[in-house]
Amino acid sequence: MAEKILNIQDLRTYFYGDDGVVKAVDGVDISIHKGETVGIVGESGCGKSVTSLSVMRLLKNTPGKIVGGSIEFEGKNLVDLSEKEMREIRGNQIAMIFQEPMTSLNPVYKIGKQLGEAIELHLKYDKQQAKEHAIEMLKLVGIPRAEEIVNEFPHQLSGGMRQRVMIAMAMSCNPKLLIADEPTTALDVTIQAQILDIMRNLREERGTSIMMITHDLGVVAEMCDRVVVMYAGRVVEETDVYSLFENPKHPYTKGLIGSVPVLGANADRLASIPGNVPTPKNMPKGCKFAPRCSAAMKVCWEREPELSKIEEKHSCRCFLYEKSEAMEV
C-alpha cells in the first residue's frame, strides 16, 4: 500500500450562531493514500462538504471553526499553518472542484484570466506562458475551440463546459490531491460519464489522489477504491468499494444501497430509509441513526457506538457487531 498523502484524525468542525453550536463534523477520521480515490458518501447535511472545506481551510469568513483534531498532508498539519503558508498549498498541491461551477467561476472575468491567475502564482509563468498552459489544460479536459474559449465568459458556456473548466483549473498546477465535491451534480448522464472519464484519466496519467464527495452510489462504484460513509457528522462505515456493495454492515449503508433503483425490478415502490436526518441542534442521545433504524436495541438509545474494525479492512460504528452482555433488544 502506498504511503498516506492525507490523514485526518478526530476532526471537529463546529459552527457558532446566536442560538447555539452546530457540530457539523464531530470526530472524523479519514485517510487517503497516494494515487487512491476515496469516496465520501452520505445524505445532504452529513458533513461531507464541511470536511472538504476544513481540509482546504476555507471556513475563514463563515461561522465555522476547526476546534479539534489534525489534518496532515504529507506529514504537515494544515490546521497549524498560517494563511500565507496555506495559500501556497491551496490550488497548488491540493485543489478542489466545487459543486456548482456557475457560482465558483467569476462571471465578470474571462475563462483565460481565471485559469491564468493560479498558473502565474504557483508555476511562476508570465502572462503569455500562463495563457498557453491554460489552453493546453482546456484541451486536456476535452474542451473544443480552447483558443477561443479562453476569451469567453462563464455565462457563454454550458454547464458541462463550465464543469470541465473547473477541472482544468483544479488540475492546472498538477496537484497531488484533488477534492471533488459533487462534480457531476445537475449534469446529464452523458456529460457525467465524460467528466468521470476525464478525472479517471488524470488520476492514471498523473498519479493524483482524489477525495470524491458524492451521494451518487453509481459514481462511487465506478470511480472509488475505498468508501467512507458519513452520517450526522460522523463516519459510520469504511471499507473497500467491493465490500461495501457486496457486504454492507451498517444499517444506514444498507438503506442507502437498498434505495438505489434496480433496472428491470418489478417493484410497486422504491425502498427508502424512514424518517429524516436529525437536526444538528437536536441529536439523539445515543446512536445518531437509532431513530431511523429497524435494528435499534436498548443500548443504541443510551450511548453511541465506537467506530471499530470488524474485519481486516472493514470498520463500522454499530452495536450489532459488538459482542457484549449489554446488547439487549
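An account of the accompanying structure is given in this report. (Residues numbered from 1 in each chain as written. Predicted model: local features only at pLDDT ≥ 70, side-chain atom pairs only at ≥ 80, totals over all residues. Heavy atoms only, no water.)

Attention now moves to the packing of aromatic side chains. Per the stated rule, a full pass over the model turns up 3 aromatic pairs. Residues Tyr231 and Tyr252 carry aromatic rings whose centres are separated by 4.6 Å and whose planes lie at 55° to one another, so their mutual orientation is tilted. With Tyr231 in strand S9 (residues 226-231) and Tyr252 in helix H11 (residues 251-258), this residue pair connects regions lying 21 residues apart in the sequence. When its relative accessible area of 2% is taken as the criterion, Tyr231 is described as buried. Between Tyr231 and Phe289 the ring centres are 5.2 Å apart and the planes differ by 90°, which places this aromatic pair in the edge-to-face class. Here Phe289 lies in the loop between H11 and strand S11 (308-311) and Tyr231 lies in strand S9, a separation of 58 residues in the sequence. This pair shows no difference in class: Tyr231 is buried, exactly as Phe289 is. (Phe/Tyr/Trp six-rings, centres within 6.5 Å; stacked < 30°, edge-to-face > 60°. Helix = DSSP H or I, 4+ residues; strand = E, 2+ residues; numbered from the N terminus. Buried < 20%, exposed > 50% of the residue type's maximum accessible area, 1.4 Å probe, protein only.)

Right, let's get into the nonpolar core. Ile97, Leu138, Ile167, Leu178, Met199, Met212 and Tyr252 are the most contacted members of the largest nonpolar core, which has 58 residues in total. Considering each element in turn, this core owes the most residues, 7 residues, to helix H7 (residues 159-171). Counting residues in hydrophobic clusters, the runner-up holds 32 residues, among them Ile30, Ile40, Leu177 and Val228. (Core = buried A, V, L, I, M, F, W, Y, C linked by side-chain atoms within 4.5 Å.)

Strand order in the open sheet made by the 8 strands is S6-S7-S8-S3-S9-S10-S12-S11, with mixed pairing throughout. Each edge of the open sheet carries a strand with a single partner, namely strand S6 (94-97) and S11. In this sheet, neighbouring strand axes are inclined to one another by 20° on average, regardless of whether the strands run parallel or antiparallel. As defined by bridge partners, S11 adjoins strand S12 (residues 314-316) across 3 bridges and the pair is classed as antiparallel. (Pairing = 2+ DSSP bridges. Axes fitted to C-alpha atoms, helices over the stretch in contact; angles between N-to-C directions.)

Mapped onto the elements of the fold, Lys4 is located in strand S1 (residues 4-17). In sequence terms Lys4 and Glu120 are 116 residues apart; their C-alpha atoms lie 29 Å from each other. If sequence neighbours within four positions are ignored, Lys4 has contacts with Ser31, Ile32 and His33. (Contact = heavy atoms within 4.5 Å.)

Next up on the list: the pattern of salt bridges. With the rule as written, the count across this model stands at 20 salt bridges. Residue Glu3 is joined to Lys34 by a salt bridge in which the shortest nitrogen-to-oxygen separation is 3.5 Å. Of this pair, Glu3 sits in the segment before S1 while Lys34 sits in the loop between strand S2 (20-33) and strand S3 (37-41), and the two are 31 residues apart along the sequence. Judged by relative accessible area, which is 38%, Lys34 ranks as partly exposed. Residue Glu43 is joined to Arg292 by a salt bridge in which the shortest nitrogen-to-oxygen separation is 3.0 Å. (Salt bridge = Lys/Arg side-chain N within 4 Å of Asp/Glu carboxyl O.)

It is worth spelling out the sheet that holds S1 at this point. Across the sheet, which stays open at both edges, the 4 strands sit in the order S2-S1-S4-S5 with antiparallel pairing between neighbours. The open sheet has two edge strands with one neighbour each: S2 and strand S5 (76-77). Note that strand S4 (residues 64-73) and S5 share 2 bridges and pair antiparallel. Within S5, the residue paired with Phe73 across the bridge is Lys76.

Across its 14 residues, helix H5 (residues 127-140) extends 20 Å between first and last C-alpha, which sits within 8% of the 20 Å expected from 1.5 Å per residue. Of all the residues in H5, the buried ones are Ala130, His133, Ala134, Ile135, Met137 and Leu138. Its buried side turned inward, H5 meets helix H4 (111-123), helix H6 (146-149), H7 and helix H8 (189-206). One side-chain oxygen at the N-terminal end of H5 lies 3.2 Å from the backbone nitrogen of Gln128; it belongs to Asp126. (Expected span 1.5 Å × (residues − 1). Polar contact = N/O pair within 3.5 Å; in protein donor to acceptor, adjacent residues only side chain to side chain.)

Turning next to H11. Burial in H11 covers these residues: Pro251, Tyr252, Thr253, Gly255 and Leu256. The inward-facing, buried residues of H11 contact S3, helix H9 (217-223), S9, strand S10 (234-240) and helix H10 (241-246).

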